[in-house]
Amino acid sequence: MNFIKRGALNVTRRIGKSFILLFIIFILGNVIAGAISIQQATSNVERTIKERIGTAATLEIDYQKLDSMSEQEMMEVDWTPIGRDLIRQIGELSYVKYYDYSSSTWLGSDDIQSYEGGMEVHYGDSYNPRFQLKGINYARVLDFEEGRGQLVDGRVFTDDEIENGASVAIISKKLAEENNLHVGDTFALTNKVFDYSAGEEEEIASRDVVLEIIGLFEPQSVAENDGENSDRGMWDWMDIEYQNTVYVSNQVVREENQFHMEAYMAIDEEYAQMIENEEIHEHFSPIFILHSTDVAEAFAEEAMPLIPQLYTVRNVSDHFDNIAGPIKSMATLSGYVLIVSIVASVLIIGLVVLLFLRDRKRELGIYLSLGERRSRVVGQVLLEVMIVAIIGITLSLFTGNLLASGVSDTMMKSDTNQQYQDYYFYGGELHSNLTTDDVIESYQVHLNATYIMMFLVIGLLTILVSTVIPLIYIVRLNPKKILM
Amino acid sequence: MILEAKNLNYYYQDGENRRYILRDTNASFEKGKFYTILGHSGSGKTTFMALLSALDEPHSGNVLFHGQDIKQIGYEKYRRNNVGIIFQSYNLVPSFTAVENVLVPMSITENEIPKDRKNVAYNLLDYIGIVKTKADRFVNKLSGGEQQRVAIARALATNVELILADEPTGNLDEEMEQEIIDIFTKLAHEHQKCVIVVTHSNEIAQQSDQIYTLKKGVLTKHE
Ligand SMILES: Nc1ncnc2c1ncn2[C@@H]1O[C@H](COP(=O)(O)OP(=O)(O)OP(=O)(O)O)[C@@H](O)[C@H]1O
Ligand SMILES: [Mg+2]
């Protein structure tokens, strides 16, 4: 009849009290398990969503700052756009995995039809710049590397082609199919310059841009989301725009812009003078792919002092904060619930165990009078509590998890209805089609090893701490007073 | 000498004053003898027993077991290996059966206990007068006399030579009292135990081999 057997026996012999304790632990365990489940699920969401959003950062004009400026300040501000050298300098920062910068222009074509999503669209005979000539500097195409699009045929650019502005292009598969084009074929876009100063448009210059197709791409996310996307309208518009994008080197874009400008200079002397006196600024949209989302803040901190005052660093992962409202409030709430329930558990379980022990003080005194070591009496009581606790905690492990998913379902539903509209982010060069719905979808309360481990550790530690008061009581027991 | 009390002093602090319960108390006890300690209520008998059984500590003086100070042996260890204590109010574990109560000290003591403990416990109970059917009952389903027998069996379970009992028959009727006293006599005389029993009953005292009386903190040996 050693203390272990005694403990085990006592749990079954005092089955009523064991059940009361089990019930209390079970109830409290549910609250703790629920809170941990929600915590776990929310941190998972943050990770997966940020992974899906990616690690891109860009530099853009800080419109907030601009809005708050007085006219005086506006006059003094440095309007220099972000130059190639600055982009390269920032691209060299250790947080950056690789980077690209892009300038683009819109061209029309007499040679090919734009892809219009299978719809019949007639623009008449007038010139319609439906094709975005998107210049890039990163030969392997950042959009493909980051999963916006996927090369399905042919190849990407070579460094040579990028540097020398070779007349090669990558177009979408849909656009190619529309015009029965294949890798190796050439097609022509038209760069027309119009003058509107006379009140109606007058063509002043025009030239063809002949490009050889080296590769075909398909927008990736479209393929993935096909058929189930509820935001079809919005999505199509973006999709069609992307389907009509023509990837070329920045150099090609630059030449077309140059052509455009020179045409104007030829007809407008004032303009020509102004341009000649000033250095020509090319406008680039830079995009930096960081090593991980964790360095986004550090990157912003280091890049900020380097860029012109008017600009700011924009991390695509910041987007998470915009769409994660319901999750964030769940996380905060469950954090409080967790802390409060742990404290409450320590007190409640401690007092209940103490109450039961006071009932049993004669028994404990008997063990002591028989020469049992206090440590073993403590051990016996601890064992008894732990047997019940492990059962209670194991049960609440599952029910608490169920509870958590139920609670979060209702909470997030009401939450989204109230405040959070789908936030569509399509600014600058950062693309994210993730919405609050995506966040909620990726929020999943389920049993996993980390959750189980975490709950067991927290649960058992809570029980252990809660037995401190009762155990102090045992250590101070005086068998003479109890028994004689 | 199996047990000796040497100049034991025990008092309660009463404000500024010390109220002595035991004053320079000396006594010695041998194996094979049945001792009684007589005294009025409040004379300090329980206090004395608590000191002998190491459930309390004297303010000065020593208790020697086979010549060794029990403080040196260690109070817990002394209780576990050297002494069997019997209380007026039985003090059995209510959630255990009689035989389970007897088994408890067997796993606490460091003394040699035969392997088949359960049998030993049943035999012990049987010897004391608890048949097997009663031995398997929860102790609160036994009469007071039966419970006290279980307590005696528990005291004997660790094979100790020294049995201390504080008014073991205080809650029992006379008939039951006599049966218990007979057990103590038998233990002393047939099993060479040293049995020390506190009582305020003269009748019991008369049956013992040696009477001590406790009065105003002084213990006197009767010839
Ligand atoms: N905690 C205490 N504080 C102060 N005095 C106490 C305390 N405990 C006991 N006493 C006193 O010590 C004296 C001896 O008590 P003790 O219990 O040893 O007497 P006793 O001889 O066993 O009496 P009884 O026959 O009634 O059991 C009593 O006068 C009692 O009032
Ligand atoms: Mg007494």
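Because the structure is a prediction, the values reported are computed rather than measured.

Draft legend 1. Layout of the overall build of chain B. Looking only at helices and strands, one finds 9 helices and 10 strands in chain B. In terms of its C-alpha atoms, chain B occupies a principal-axis envelope of roughly 55 × 40 × 35 Å. Counting only residues that meet the buried cut, chain B has 58% of its 223 residues in that class. Considering only contacts in chain B between residues 6 or more positions apart, those separated by 24 or more positions represent 71%. Accessible area for chain B stands at about 9,800 Å²; split by element, carbon and sulfur atoms hold 43% of it. Taking the average place of the 25 positive charges on the side chains of chain B and the average place of its 29 negative ones, the gap between the two points comes to 4 Å.

Draft legend 2. Spatial organisation of the interface of chain B and chain A. Across the contact, 29 residues belong to chain B and 23 residues belong to chain A. Interface of chain B and chain A: buried area, both sides summed, is about 2,300 Å²; carbon and sulfur atoms make up 60% of it. Residues Glu110(B) and Arg373(A) are paired through a salt bridge, measuring 3.2 Å at the closest nitrogen-oxygen approach. The interface formed by chain B and chain A includes 12 residue pairs in polar contact (both at pLDDT 80 or more). Of all the secondary structure elements, the ones that give two or more residues to the side of chain B that touches chain A are strand E1 (3-14), helix H1 (45-52), helix H3 (75-81) and helix H4 (98-108) of chain B. Sorting elements by how many residues they give to the side of chain B that touches chain A places H4(B) first, with 6 residues.

Draft legend 3. Main features of the packing of helix H2 (residues 15-53) of chain A against helix H19 (residues 449-466) of chain A. Residue and element names in this part refer to chain A. Orientation of H2 relative to H19, taken along the N-to-C sense of each, is 140°, at an axis distance of 10 Å. By the angle between their axes, H2 is oblique relative to H19. Classified by chirality, the crossing of H19 by H2 is right-handed. Taken together, the residues of H19 that come into contact with H2 (itself represented by Ile 25, Gly 29, Ile 32, Ala 33, Ile 36, Ser 37 and Gln 40) are Thr 450, Tyr 451, Met 454, Phe 455, Ile 458, Thr 462 and Ile 463.

Draft legend 4. Spatial organisation of the site of ligand 1. Residue and element names in this part refer to chain B. Ligand 1 sits among Tyr 12, Arg 19, Ile 21, His 40, Ser 41, Gly 42, Ser 43, Gly 44, Lys 45, Thr 46, Thr 47 and Glu 167. Note that a nitrogen atom of ligand 1 is positioned 3.2 Å from one of the side-chain N or O atoms of Arg 19. Backbone polar atom of Ser 43 to an oxygen atom of ligand 1: 3.2 Å apart, as the coordinates give it. Isolated, ligand 1 exposes 640 Å² of accessible area, and the fraction of that covered by the protein chains is 61%. Elements that contribute at least two residues to the shell around ligand 1 include exactly strand E2 (17-29) and H1. Sort the elements by how many residues they give to the shell around ligand 1 and H1 lands first, with 3 residues.

Draft legend 5. The arrangement of the sheet that holds E2(B) in detail. All names here are of chain B. Read from one edge to the other, the open sheet built from 4 strands follows the order E2-E1-E4-E5, with strand pairing classed as antiparallel. Strands at the two margins of the open sheet, each flanked by one partner only, are E2 and strand E5 (68-69). Here strand E4 (residues 60-65) pairs with E5 via 2 bridges, running antiparallel. Pairing of Phe 65 across the sheet is with Gln 68, part of E5. Strand contacts of H1: E1, E2 and E4, with the helix running at about 60° to E2, the strand carrying the most contacts.

Draft legend 6. Examining empty space enclosed by the protein more closely. Residue and element names in this part refer to chain A. Counting across every chain of the model gives 5 cavities of 30 Å³ or more. Lining the largest cavity we find 14 residues, and of these Ser 18, Leu 21, Phe 356, Arg 360 and Glu 384 sit closest to its centre. Only helix H1 (3-13), H2, helix H15 (325-359) and helix H17 (374-418) provide two or more residues apiece to the lining of the largest cavity. At 4 residues, H17 tops the list of elements feeding residues into the lining of the largest cavity.

Draft legend 7. Quick look at the nonpolar core. If you look at the biggest cluster of nonpolar residues, it comprises 118 residues, and the most contacted ones within it are Leu3(B), Phe29(B), Phe48(B), Leu52(B), Leu162(B), Phe184(B) and Ile196(B). With residues near it in sequence (within four places) discarded, Phe184(B) still touches Phe34(B), Ile86(B), Ile152(B), Ile163(B), Ala165(B), Pro168(B), Val195(B) and Val197(B). By size, the runner-up hydrophobic cluster in this structure holds 25 residues, among which are Val96(A), Ala303(A), Ile307(A) and Tyr311(A).

Draft legend 8. Broad picture of the UniProt feature "domain: ABC transporter" (unreviewed entry) in chain B. Sequence positions flagged by UniProt for "domain: ABC transporter" (unreviewed entry) are, in local numbering, residues 3-223 of chain B. Helix makes up 38% of residues 3-223 of chain B and strand 29%, and the two end C-alpha atoms of the span are 19 Å apart.

Draft legend 9. Structural detail: helix H11 (residues 250-267) of chain A. Over its 18 residues, H11(A) extends 26 Å from the first C-alpha to the last, a length consistent with the 26 Å expected when each residue adds 1.5 Å. Buried within H11(A) we find Asn250(A), Val252(A), Val253(A), Glu256(A), Phe259(A), Met261(A), Ala263(A) and Met265(A).

Draft legend 10. Here's a closer look at a nonpolar patch on the surface. A cluster of nonpolar residues, Ile339(A), Val343(A), Leu347(A) and Ile348(A), forms a patch on the protein surface that exposes about 360 Å² of accessible area. Relative to the assigned elements, Val343(A) resides in helix H15.

Draft legend 11. Seen up close, the pairing of strand E3 (residues 104-107) of chain A. Residues and elements named next belong to chain A. Where burial is concerned, the two faces of E3 differ: the one with Thr 105 and Leu 107 is buried and the one with Ser 104 and Trp 106 is not. Note: E3 against strand E4 (residues 131-136), 4 bridges, orientation antiparallel. Directly across from Thr 105, in E4, lies its bridge partner Leu 133.

Draft legend 12. Inspection of the confidence of the model for chain A at higher detail. Residue and element names in this part refer to chain A. Counting all residues, the mean pLDDT for chain A is 83, and 87% of those residues have values of 70 or more. Of all secondary-structure elements in chain A, the lowest mean pLDDT belongs to strand E12 (residues 425-427), at 38, while helix H16 (residues 361-369) reaches the highest, 95. Confidence drops under a pLDDT of 50 for residues 222-233, and excluding neighbours within four residues, the segment shows 8 contacts in the predicted structure. Overall, residues 417-429 carries pLDDT values under 50, and its contacts beyond four positions in sequence, including any with other chains, amount to 33 contacts.

Draft legend 13. Focus on the sheet that holds strand E10 (residues 218-221) of chain B. Residue and element names in this part refer to chain B. Strands sit in the order E6-E7-E8-E3-E9-E10 across an open sheet of 6 strands; the sheet is mixed. Edge positions in the sheet fall to strand E6 (83-86) and E10, since each of these pairs with one other strand and no more. Averaged over all pairs of adjacent strands, the angle between their axes in this sheet comes to 20°, without regard to strand direction. Two elements, strand E3 (residues 34-39) and strand E8 (residues 194-199), share 5 bridges in a ladder whose sense is parallel. Pairing of Leu 38 across the sheet is with Thr 199, part of E8.

Draft legend 14. Representation of the environment of Ala296(A). Within the element layout of this structure, Ala296(A) appears in helix H13 (residues 296-303). Among residues more than four places away in sequence, those in contact with Ala296(A) are Leu290(A), Asn315(A) and Ser317(A).

About the thresholds
Residues numbered from 1 in each chain as written. Chains lettered and ligands numbered in written order. Predicted model: local features only at pLDDT ≥ 70, side-chain atom pairs only at ≥ 80, totals over all residues. Heavy atoms only, no water. Helix = DSSP H or I, 4+ residues; strand = E, 2+ residues; numbered from the N terminus. Buried < 20%, exposed > 50% of the residue type's maximum accessible area, 1.4 Å probe, protein only. Contact = heavy atoms within 4.5 Å. Areas by Shrake-Rupley, 256 points an atom, 1.4 Å probe, with all protein chains shown as cover. Lys, Arg positive; Asp, Glu negative; His and termini not counted. Charge placed at Lys NZ, Arg CZ, Asp CG, Glu CD. Buried area = accessible area lost by both parts, 1.4 Å probe. Salt bridge = Lys/Arg side-chain N within 4 Å of Asp/Glu carboxyl O. Polar contact = N/O pair within 3.5 Å; in protein donor to acceptor, adjacent residues only side chain to side chain. Axes fitted to C-alpha atoms, helices over the stretch in contact; angles between N-to-C directions. Parallel < 35°, antiparallel > 145°, perpendicular 65-115°, else oblique. Left-handed = near helix turned anticlockwise from the far one by under 90°. Near = heavy atom within 4 Å. Pairing = 2+ DSSP bridges. 1 Å grid on protein atoms, 1.4 Å probe; cavity = no way out; pocket = protein on both sides within 12 Å on 5 of 7 lines; lining within 4 Å. Points joined across faces, edges and corners; volume = space filled by probe spheres on them. Core = buried A, V, L, I, M, F, W, Y, C linked by side-chain atoms within 4.5 Å. UniProt positions renumbered as here; feature names shortened; annotations may be inferred. Expected span 1.5 Å × (residues − 1). Patch = residues over 30% accessible without salt bridge, like charges linked within 9 Å, V, L, I, M, F, W, Y side chains within 5 Å. pLDDT = per-residue confidence, 0-100.

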